[in-house]
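Observations on the model geometry
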Amino acid sequence: MKPHRATIVWTHDGGDFLKRRYSRVHTIGFEHGLEVVGSAATSVVPKPFAIDEAVDPEAMLTASLSACHMLTFLDVAARAGFQVADYRDDAEGALGKLASGKYAVTRVVLHPKITWAGDKQPTPEELADLHHKAHDACFISNSVTTEVVVE
């Protein structure tokens, strides 16, 4: 498999670096030219050194888990003969303290809302099984120790 690449670029804004009074705003470049503005979360680093108008690493991890689950779910559903018309997930990631005392994204809760097309509709048990299979096969959930819950 080919490697997946991202380029992170940050330049010192002239703030007092040693007193930690510098901007955390940076650029995140992905393959094929897509760029987004990144920042530390303002809940972790106060404004003006972080901004709300950028994506923070914790939100990216939450989004990555959600997107991977969705993409895997769509494949699992199609293989099972269910047709998905729409999929929306308002995922939530939470920081917590590990036993070691370090902070981490310890839990991500997915809230998928699925609209089905076609005559074949999954039962609640089949839907739970589709989510279980998607979670089990998701590359990102297999890469982290964060608890991932589908509600």
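Below is a summary of the structure that appears in this document. (Residues numbered from 1 in each chain as written. Predicted model: local features only at pLDDT ≥ 70, side-chain atom pairs only at ≥ 80, totals over all residues. Heavy atoms only, no water.)

Re the overall build of the chain
- Per the secondary structure count, the chain includes 2 helices and 8 strands.
- For the chain, the succession of helices and strands along the chain, N to C, is β-β-β-α-β-β-β-β-α-β.
- Taking 151 residues into account, the globule formula puts the C-alpha radius of gyration at 15 Å, and the chain, at 19 Å, lies well above it.
- Its C-alpha atoms put the chain at 60 × 40 × 30 Å along the principal axes.
- A fraction of 49% describes how many contacts in the chain between residues 6 or more apart in sequence connect residues 24 or more apart.
- Of the roughly 10,100 Å² of accessible surface on the chain, 56% is carried by carbon and sulfur atoms.
- Positive and negative side-chain charges in the chain, numbering 15 and 20 respectively, have mean positions lying 8 Å apart. (Helix = DSSP H or I, 4+ residues; strand = E, 2+ residues; numbered from the N terminus. Rg over C-alpha atoms; globule rule 2.2 N^0.38 Å. Contact = heavy atoms within 4.5 Å. Areas by Shrake-Rupley, 256 points an atom, 1.4 Å probe, with all protein chains shown as cover. Lys, Arg positive; Asp, Glu negative; His and termini not counted. Charge placed at Lys NZ, Arg CZ, Asp CG, Glu CD.)

Here we look at the pattern of salt bridges
- Scanning the entire structure with this criterion turns up 6 salt bridges.
- Note that D52 is salt-bridged to K47, the shortest N-O span being 2.8 Å.
- Given the relative accessible area of 44%, D52 is considered partly exposed.
- Taking the relative accessible area as the measure of exposure, K47 reaches 54% and is therefore exposed. (Salt bridge = Lys/Arg side-chain N within 4 Å of Asp/Glu carboxyl O. Buried < 20%, exposed > 50% of the residue type's maximum accessible area, 1.4 Å probe, protein only.)

Quick word on a nonpolar patch on the surface
- A contiguous nonpolar patch, built from W10, F17 and L18 and spanning about 360 Å² of accessible area, is present on the exposed surface.
- Position of L18 among the secondary structure elements: in the loop between β1 (6-9) and β2 (26-30).
- The exposed category is assigned to L18, whose relative accessible area is 80%. (Patch = residues over 30% accessible without salt bridge, like charges linked within 9 Å, V, L, I, M, F, W, Y side chains within 5 Å.)

Looking at the sheet that holds strand β8 (residues 147-150)
- Spatially, β5-β6-β8 is the arrangement adopted by the 3 strands of the open sheet, whose pairing is mixed. Looking at strand neighbours, the two that pair on one side only are β5 (92-97) and β8, the edges of this open sheet. Strand-to-strand twist across the sheet, computed as the mean angle between neighbouring axes with direction ignored, equals 25 degrees.
- As paired elements, β5 and strand β6 (residues 103-110) share 6 bridges and run antiparallel to each other. Bridge pairing in β6 links E92 to V109.
- Strands in contact with helix α1 (residues 57-79) are β5, β6 and β8; relative to β6, the strand with the most contacts, it is inclined by about 35 degrees. (Pairing = 2+ DSSP bridges. Axes fitted to C-alpha atoms, helices over the stretch in contact; angles between N-to-C directions.)

Examining α1
- In a regular helix each residue adds 1.5 Å, so 23 residues correspond to 33 Å; α1 covers 33 Å between its end C-alpha atoms and thus fits that length.
- If you check which residues of α1 are buried, you get T62, L65, S66, C68, H69, T72, F73, V76 and A77.
- Of the surrounding secondary structure, the elements contacted by the buried residues of α1 are β4 (83-89), β5, β6, β7 (112-117), α2 (124-137) and β8.
- One side-chain oxygen of the residue at the start of α1 lies 3.0 Å from the amide nitrogen of E58, identifying that residue as D56. (Expected span 1.5 Å × (residues − 1). Polar contact = N/O pair within 3.5 Å; in protein donor to acceptor, adjacent residues only side chain to side chain.)

As for the state of the cysteines
- Considering all chains together, one arrives at 1 disulfide under this definition.
- Residue pairing for C68: its cysteine sulfur links by disulfide to C138, the two sulfurs lying 2.5 Å apart. Here C138 lies in the loop between α2 and β8 and C68 lies in helix α1, a separation of 70 residues in the sequence. Both residues of the pair, C68 and C138, count as buried. (Disulfide = S-S within 2.5 Å.)

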